[in-house]
Amino acid sequence: MTIRKATVLGAGVMGSQIAALLVNAGLRVKILDIAGDRDEPNEISKKAYDTITDKKRPQLFDLSFASNLTYGNFEEDLTGDDGTDIYIEAVKEDLGIKHEVWDKVRRTAGDRTLFATNTSGIPIASISKVFDDSEKKRFFGMHFFNPPRIMKLVEVIPYANTSSDALEEVQLFLEDVLGKGVVIANDVPAFVANRIGTQTMNDIMFRAEQQGFSIAETDALTGRNIGRPGTGTYGLVDLVGLDIAVTVIRGLQQIPEEKQFFHDTKIAGTLMEKGAFGKKKKQGFYKKGKEDYLVFDPESNDYITPDQPEFHILGKFGRDLGANLDAVFNAEDEAGRFLWETLRNNFYYSALNVPKAASDYADIDRAMVWGFNWKKGPFQLWDMMGFERVKERMENELGELPGWIKKRDTPFYSESDSIERVTPVSEFTDSEIWNREDSLLSVAHSDQLLLKLQSRNNIISDDFAGDLIESIDLLENEDYSSMVIYAEGRHFSVGADLYLMKKMHEDNRVEEIVGPAIDKLHESFNRLKYALKPVVTAVYGKSLGGGCELVLHSPIVVAASETYMGLVEAGVGLVPSGGGLAEMADRILSTGHMQNDKQKTMTEVMTNIAFAKVSTNAHEALKYKYLRNTDTIILNAEKRVEIALERARYESETNYIPKPKVNYTALGRDYKALAKGQLDAQRTGNFISDYDYEVTLDVAHVLSGGELPRNTIINQGYIQKLEKERFLTLLQNDKTYNRIKHMLETGKPLRN
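Residues numbered from 1 in each chain as written. Predicted model: local features only at pLDDT ≥ 70, side-chain atom pairs only at ≥ 80, totals over all residues. Heavy atoms only, no water.

Details of unusual backbone geometry
Stage number 1. For the bond from Asn 146 to Pro 147, the omega torsion is -5 degrees, close enough to zero to count as cis.
Stage number 2. Locating Pro 147 in the fold gives a position in the loop between strand 6 (139–144) and strand 7 (153–158).
Stage number 3. Each neighbour pair has its own omega, and for Val 354 with Pro 355 the value is 5 degrees, a cis peptide bond.
Stage number 4. Relative to the helices and strands, Pro 355 is located in the loop between helix 14 (334–352) and helix 15 (361–372).
Stage number 5. Located in the positive-phi region is Asn 508, a residue other than glycine, with phi close to 55 degrees.
Stage number 6. By secondary structure assignment, the location of Asn 508 is in the loop between helix 21 (498–506) and helix 22 (510–529).
Stage number 7. Exposure remark for Asn 508: the relative accessible area of 65% places this residue in the exposed category. (Helix = DSSP H or I, 4+ residues; strand = E, 2+ residues; numbered from the N terminus. Buried < 20%, exposed > 50% of the residue type's maximum accessible area, 1.4 Å probe, protein only.)

Shown next, in the form of structure tokens:
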């Protein structure tokens, strides 16, 4: 069965977000809740629909998707089989309410329909009692993590009678259609991620109180330094909700064998009494002050400005997680020992939960990485710290270890292992052509090239531009069918090296160094755009500035739905220099649209660039013209390279036609004058600063074709020349330098 139609039961916050996720994946979705009064029986579900389709903050990738979403109520819309393939229940965590809703559903659903509950705390076995034996085969837990659009983890919890066919079907649906990472969990309290995650947060807070560490000190120790979120422990509880964490803790305290691992903590108890549950209540362990965050001080029972933590071990930490873990293992100071015990206790409790909560230790790692945003899971961290020495020390300090750990004498993972469920890139690779500082070029499937961007922070460097030219030479002149460009890491590319731009200004070498680099960048991107064989770029995450320009010039793009694209150079007082303006102008001017339509679209583009606007998803990037209708958008970002290779293969086998070079007519100085008038009004109204005005006028100058008369014949190369001139001029301006310096120091734009 192909899942194409879904009904979400419950129109609260979680239900509405799940419904939006399903619509974004292309499903036809109905969202239901209890009936209101006679005049407005759909009042509750209509409110959810309005939230999902809100024009200012829509939950949909594109508001046109709203045609696939309808709403109703349990009384009027559960009267017969409407062809729903899967029901997903997200009503209040009350067993009686869940039974009442499911009893209505089961009486009308088709005999192949799947039943899923999004419960986070009620046993699946308890909910299943409302179903008969045949229906139980199609029932399971399907626990999304909040927010479901962003969080990768979905825990699937089978009931004892759930059929293997139903499990396989829903796992494929979650992974391939919704782009999620699935962990099969056992029907134990808090399942996997919340069980492991809450235990380690509670353990840290309990020991911090025992040892006298403050909230700020604890969070400074237990964040990115050990591969966990930068919020630290208390900050993460604020984000999750203290009330939710305490509910999980108290539930597990009721189980005799779990009680020793879950403790009451004084500060949490005080804040619970105050109703200070965290971010949703605008105060918890932390509270936003006028200028910065304040932290709760249990001695004064009030919020204070936190002191900067000073621990010897913090000075030993860097970006290398393995080195940090080694420092923790060998630490002799109090803070270092606190961190060792944090990791040790997490390793031990995680090991106890195999096979109790999950049958495979890799699933526990997946749950923590995908559900709690850890950089590595417990068993991955154990390996990184040294399997044997950690095991020996744990045994000395804790006594007997779980049986399966005692028997194990090898690390949990080999070097090539991954917790991802997709085929790794290495499986496609036959051989390496080169492995350079900024790029890796490989052969895949015997006749496809794979070019990996691997410069520091994936910046678009001068060396990478040269490597791109060389790789296209190989593609066109050797017996290769196609090429895929990709990157790894958190983001595809955030553009150029701002530190280099700052230094070139300081050294007065802008014309000498930056000018030729722009020429090389234009050459590389032009070669990419007009390549004689298909080139596909697999993009995801942030693709900004030069990274966006690389994607713009790619003949074909496979984009993850969570791709955030934008030409953001104006924020630091520059115009795009890699042909971004020229490409946007080319996309508008080379169409057969009326002149007025071209001017309107060009103004929209100019405004987006002037305000450094970044798309909130790949479909919005399509709207901003950063992507085209011929590009492919997928939800599973981990499959981007695999799908890009398939798309490149298809193009190479179906008579790929390279992009032709074209001429078109410039909008000219008439358009520039029009743009100037609009900018004058915005400056007068204080919507833009004086320097915003100057920079945006330069953007308009390039897009219009400069001072040429309207209808003068130009081409992309001419616009690139204008782009280079304006970029070099702006980079030598002290106001731009101040913007760059401020951005590098604060991470925020300067409006001067």
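Quick look at the domain arrangement of the chain
Where interface size is quoted, it is often the accessible area lost as the parts come together.
Stage number 1. When its domains are assigned, the chain resolves into domain 1 (5–184), domain 2 (193–407) and domain 3 (425–661).
Stage number 2. Taking only C-alpha atoms into account, the centre of domain 1 sits 38 Å from that of domain 3.
Stage number 3. With 12 residues of domain 1 in contact, the opposing surface of domain 3 contributes 11 residues.
Stage number 4. The interface formed by domain 1 and domain 3 includes 3 salt bridges.
Stage number 5. Notably, a salt bridge pairs Asp 176 with Lys 639, separated by 3.4 Å at the nearest N-O pair. (Domains from an automatic or database assignment. Contact = heavy atoms within 4.5 Å. Salt bridge = Lys/Arg side-chain N within 4 Å of Asp/Glu carboxyl O.)

Re the sheet that holds strand 11 (residues 302–304)
Stage number 1. Within the open sheet, the 3 strands sit side by side as 9-10-11. Their pairing is antiparallel. Pairing within the sheet leaves two strands with one partner each, and these edge strands are strand 9 (286–288) and strand 11. The mean inter-strand angle of the sheet, taken between neighbouring strand axes irrespective of direction, is 40 degrees.
Stage number 2. The pairing of strand 10 (residues 293–297) with strand 11 spans 3 bridges and is antiparallel. From the neighbouring strand, Val 295 faces strand 11, where its bridge partner is Ile 304. (Pairing = 2+ DSSP bridges. Axes fitted to C-alpha atoms, helices over the stretch in contact; angles between N-to-C directions.)

Structural notes on a negative patch on the surface
Stage number 1. A grouping of Asp 37, Asp 39, Glu 40 and Glu 43 is seen on the molecular surface, where their side chains present a negatively charged patch.
Stage number 2. Following the sequence through the fold, Asp 37 ends up in the loop between strand 2 (28–33) and helix 2 (43–52). (Patch = residues over 30% accessible without salt bridge, like charges linked within 9 Å, V, L, I, M, F, W, Y side chains within 5 Å. Areas by Shrake-Rupley, 256 points an atom, 1.4 Å probe, with all protein chains shown as cover. Lys, Arg positive; Asp, Glu negative; His and termini not counted. Charge placed at Lys NZ, Arg CZ, Asp CG, Glu CD.)

A word on the packing of aromatic side chains
Stage number 1. Taken as a whole, this structure holds 29 aromatic pairs when the rule is applied.
Stage number 2. Among the aromatic residues, those joined into a ring-pair cluster are Phe 347, Tyr 361, Phe 379, Trp 382, Phe 387, Trp 404, Phe 412 and Tyr 413.
Stage number 3. Here the basic side chain of Lys 288 rests over the ring of Tyr 293, its NZ or CZ set 5.6 Å away from the ring centre.
Stage number 4. Directly above the aromatic system of Tyr 540 lies the positively charged group of Arg 640, at a separation of 3.8 Å from the ring centroid. (Phe/Tyr/Trp six-rings, centres within 6.5 Å; stacked < 30°, edge-to-face > 60°. Lys NZ or Arg CZ within 6 Å of the ring centre and 35° of its normal.)

Let's talk about the sheet that holds strand 7
Stage number 1. If you walk across this open sheet you meet the 8 strands as 3-2-1-4-5-6-7-8, and the pairing is mixed. Among the strands making up the open sheet, the edge pair consists of strand 3 (69–73) and strand 8 (181–184). Neighbour-to-neighbour, the strand axes of the sheet open up by a mean angle of 25 degrees, direction not taken into account.
Stage number 2. One ladder, built from 4 bridges, connects strand 1 (residues 5–9) with strand 4 (residues 86–89); its direction is parallel. Within the sheet, the bridge partner assigned to Val 8 lies in strand 4 and is Ile 88.
Stage number 3. The sheet strands contacting helix 4 (residues 95–106) are strand 1, strand 4, strand 5 (114–117) and strand 6, and the helix crosses strand 5 at an angle near 165 degrees.

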